[in-house]
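Analysis of the macromolecular model
Each chain, written out:
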Amino acid sequence: RSVRRDDPRLLRTAGLTARPASATARARARLNAVGAHGGDSAFASAVLAQLDANSGHFEAAAAEAMRAIVSMQPTLERPFPGALDGAVTTLAQRAAPALAGPVFERAIADRPSWQLGYWGGAVVGGRAGGAACARAEQLALELERFGWTATEIVTLVQPCLSKHPS
C-alpha cells in the first residue's frame, strides 16, 4: 500500500514528531492539514492548543481548545485527546479569566461528563473573583458527583472565600 503525502495519519504523526520548539511552524502546518485531509481534527486542534498554551499564546490556545471541544466525538476507548487536558489546565491556571472562561463554559455545555470543564471553570472563576465567585462555587459543587470530597471542593474555591470572607 502506498502512502499519500496528504494521508491524515501521516500528517498527524509528522505534526507530533515536529513538536519541539525548533519545529513549531512545521508542526502547526502539518497538524492544520490533518482535518483538511479527513483526519481527526479534534485531536489536531488539541495538540495545537497545547503548543500555544505552552508558548503562552493563550488567545490562540483558547481558540484551538474551543475548536477541539466543538469537534470532539468521544468514544469509550478515547473520550478526550490527552493534549486537550494539558491545554485547558494551562488556560485555567494562567490565561486571563475572560479568555479562559468561555472555553470551560463551552466544555460544560457540550461535554457535561467531563469533570475538567467544571474544575477549570471553578479555577477561572476563583482567579477572576468578584461576581465570578458565585459561578466558581456552583461549578465546584458539581465536582461532588465526580467523587470530589467537601475538603477538595472548599480548597478549590478558597480564593473566593479569602476574597469574600463570611
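The rules behind these values
- Each chain has its residues counted from 1, following the order in which its sequence is written.
- In keeping with the model being predicted, local features are shown solely for residues with a pLDDT of at least 70 and side-chain atom pairs are shown and tallied solely at 80 or more, while totals for entire chains, interfaces and linings include all residues.
- Note that water and hydrogens are dropped before the side-chain values are worked out from all heavy atoms of the structure.
- In this text, helices come from DSSP runs of H or I with a minimum length of four residues, and strands from runs of E with a minimum of two, each type numbered from the N-terminal end.
- Exposure categories follow from relative accessible area, calculated using a 1.4 Å probe and restricted to protein chains: below 20% of the type maximum is buried, above 50% is exposed, and the middle band is partly exposed.
- To measure how exposed things are, a 1.4 Å probe is used in the Shrake-Rupley method; for residues, cover is taken only from the protein chains shown.
- Definition of nonpolar core: a set of buried residues of the types Ala, Val, Leu, Ile, Met, Phe, Trp, Tyr and Cys, connected through side-chain atoms within 4.5 Å.
- In the sections that follow, a salt bridge refers to a side-chain nitrogen of Lys or Arg positioned within 4 Å of a carboxyl oxygen of Asp or Glu.
- A pair of sulfur atoms, both from cysteines and within 2.5 Å, is called a disulfide here.

Some points on the overall build of the protein chain
For the protein chain, the count of helices and strands is ten helices and zero strands. Helices and strands in the protein chain line up, N terminus first, as α-α-α-α-α-α-α-α-α-α. Counting across all 166 residues of the protein chain, residues that qualify as buried make up 42%. Working note: accessible area of the protein chain is about 8,800 Å², and carbon and sulfur atoms make up 54% of it.

Concerning the nonpolar core
In this structure, Leu84, Val88 and Leu91 are the most contacted members of the largest nonpolar core, which totals 44 residues. Those elements giving two or more residues to this core turn out to be α2 (24–36), α3 (41–54), α4 (58–71), α5 (82–94), α6 (97–110), α7 (115–128), α8 (132–142) and α9 (150–156). If you tally residues by element for this core, the top one is α3, at nine residues.

Examining the pattern of salt bridges
According to the stated counting rule, one finds four salt bridges in the structure shown. The partner of Glu142 in a salt bridge is Arg145, and the shortest N-O contact between them spans 3.0 Å.

As for the state of the cysteines
Applying the stated criterion across every chain, the model contains one disulfide. Paired through a disulfide, Cys133 and Cys160 show a sulfur-sulfur distance of 2.2 Å. Across the disulfide from Cys133 to Cys160, rotation about the S-S bond amounts to roughly -90 degrees, and the bridge is consequently left-handed. One end of the pair, Cys133, is in helix α8; the other, Cys160, is in helix α10 (residues 158–163), with 27 residues separating them in the sequence. Summarising the burial analysis for this pair, Cys133 and Cys160 share the class buried.

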